[in-house]
Amino acid sequence: MERLFSGMQPTQDAHIGNWLGAIRNWVALQDRYECLYCVVDLHALTAPYDPRVMRERVLNLAAAFLACGVDPAKSTVFVQSAVPEHTELTWLLACQTGLGALERMTQFKDKSDQNADNINAGLLFYPVLMAADILAYRAQVVPVGEDQVQHLELAREIVRKFNRAFGDTFPEPRPIVPEGSAKRILGLDGNAKMSKSKGNAIALVEEPATVRKLLASAYTDPERKRRTDPGRPEVCNVFTLHGFFTAPSRVEGIAGDCRSAALGCVDCKKELAENLLVALEPIRRRYLEVRADEEGLRAVLAAGAERARALARETLVLARRNMGLVEGGRRA
Ligand code: TRP
């Protein structure tokens, strides 16, 4: 089986965009690949954060993975900072990475523009750490969102440069966009990618009353101003969400009733809310259960880190040796 790595930052509580766009696919990939799924806390340090909430967020995100069906019996689930080989490999790879290439990364430019008074070196190194995450396991396959494809291309470039300089050490990891995956889930504003920080998200463990309220405020077709105006489902984000949560036969009916104005936005959103709640209910229940047993959760993460570390250590032995570093200081 080929090896697969993916990671998610604990910058926010997991929301339906994370589930539809990523975690749901991770679950589906578990039987086809040897999977490693990582809470990438070190990446999250590149943005300002409160140290008192980081710990909670890491555990919350790990609990969300499990609640969605990531199975620690099949996949290695762990926290990035528990495996120091990631940071060690970051340095080894950084010395094979062009500064210009890092400065050209779209995400680095965007984040620098948004935060002109706090451009930290971690933001620049972000893609090198990401390459190290993948290469520490010599993973061949990496499910990512569209916005991360550029980083993965850079990882491939680093591999080629490294292998040319030091001999065949890493495979070139390839991105995969699993079938039926939602590439980019828009938020309730129907405009930006769903994100808790933009206030346009529905968390996976939202109270049902909150889900109903949030959906009631969701943007629909901006040109549909009155109840009697015909709507355009093809531009309506609420309709897109129906595609994920509503029976296909009914989705067709909704499209027709929206166009003919037989169905108004208020009722359309109510219907979506009920369907969404049915889908979220088992995840929410399982999340609360998993998160309540913190000891059990930490044990899962510790076992995952141990397994991951054993694999990463092997890679580092190889990388160090190929780079000409002396194995001194380590007992054979
Ligand atoms: N940068 C990724 C994101 O923001 C998260 C990530 C970190 C990742 N390391 C990774 C994804 C390695 C895939 C593989 O979505």
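Reading guide: rules and limits
- Residues numbered from 1 in each chain as written.
- Predicted model: local features only at pLDDT ≥ 70, side-chain atom pairs only at ≥ 80, totals over all residues.
- Heavy atoms only, no water.
- Helix = DSSP H or I, 4+ residues; strand = E, 2+ residues; numbered from the N terminus.
- Rg over C-alpha atoms; globule rule 2.2 N^0.38 Å.
- Buried < 20%, exposed > 50% of the residue type's maximum accessible area, 1.4 Å probe, protein only.
- Contact = heavy atoms within 4.5 Å.
- Areas by Shrake-Rupley, 256 points an atom, 1.4 Å probe, with all protein chains shown as cover.
- Lys, Arg positive; Asp, Glu negative; His and termini not counted.
- Charge placed at Lys NZ, Arg CZ, Asp CG, Glu CD.
- Pairing = 2+ DSSP bridges.
- Right-handed = clockwise from strand over helix to strand, strands pointing away.

Student: What exactly am I supposed to notice about the overall build of the protein chain here?
Tutor: Secondary structure assignment for the protein chain yields 13 helices and five strands. For 332 residues, the compact-globule estimate of 2.2 N^0.38 gives 20 Å, and the C-alpha radius of gyration of the protein chain, at 22 Å, lies within 12% of that figure. The principal-axis extents of the C-alpha atoms in the protein chain amount to approximately 75 × 45 × 40 Å. By residue count, 48% of the 332 residues in the protein chain fall in the buried class. Contacts in the protein chain between residues far apart in sequence, at least 24 positions, make up 77% of those at least 6 positions apart. Total accessible area on the protein chain stands at roughly 16,400 Å², and carbon and sulfur atoms take up 52% of it. Here the protein chain holds 44 positive side-chain charges and 42 negative ones, and the gap between their average locations is 1 Å.

Student: Mind showing me how you'd approach the pairing of strand S2 (residues 34–39) here?
Tutor: It is a general feature of regular strands that their side chains alternate between the two faces of the sheet. Burial analysis of S2 places five of its six residues in the buried class, the great majority of the element. Where strand S1 (residues 3–8) meets S2, six bridges bridge the pair, whose relative direction is parallel. Considered in S2, the bridge of Leu4 is made with Cys35. Regarding the hand of the β-α-β motif, the stretch spanning S1, helix H1 (residues 16–29) and S2 is right-handed. Across four bridges, the pairing between S2 and strand S3 (residues 76–79) is parallel. Residue Leu36 lies in a different strand from S3, and its bridge partner there is Thr76.

Geometry only, nothing functional implied.
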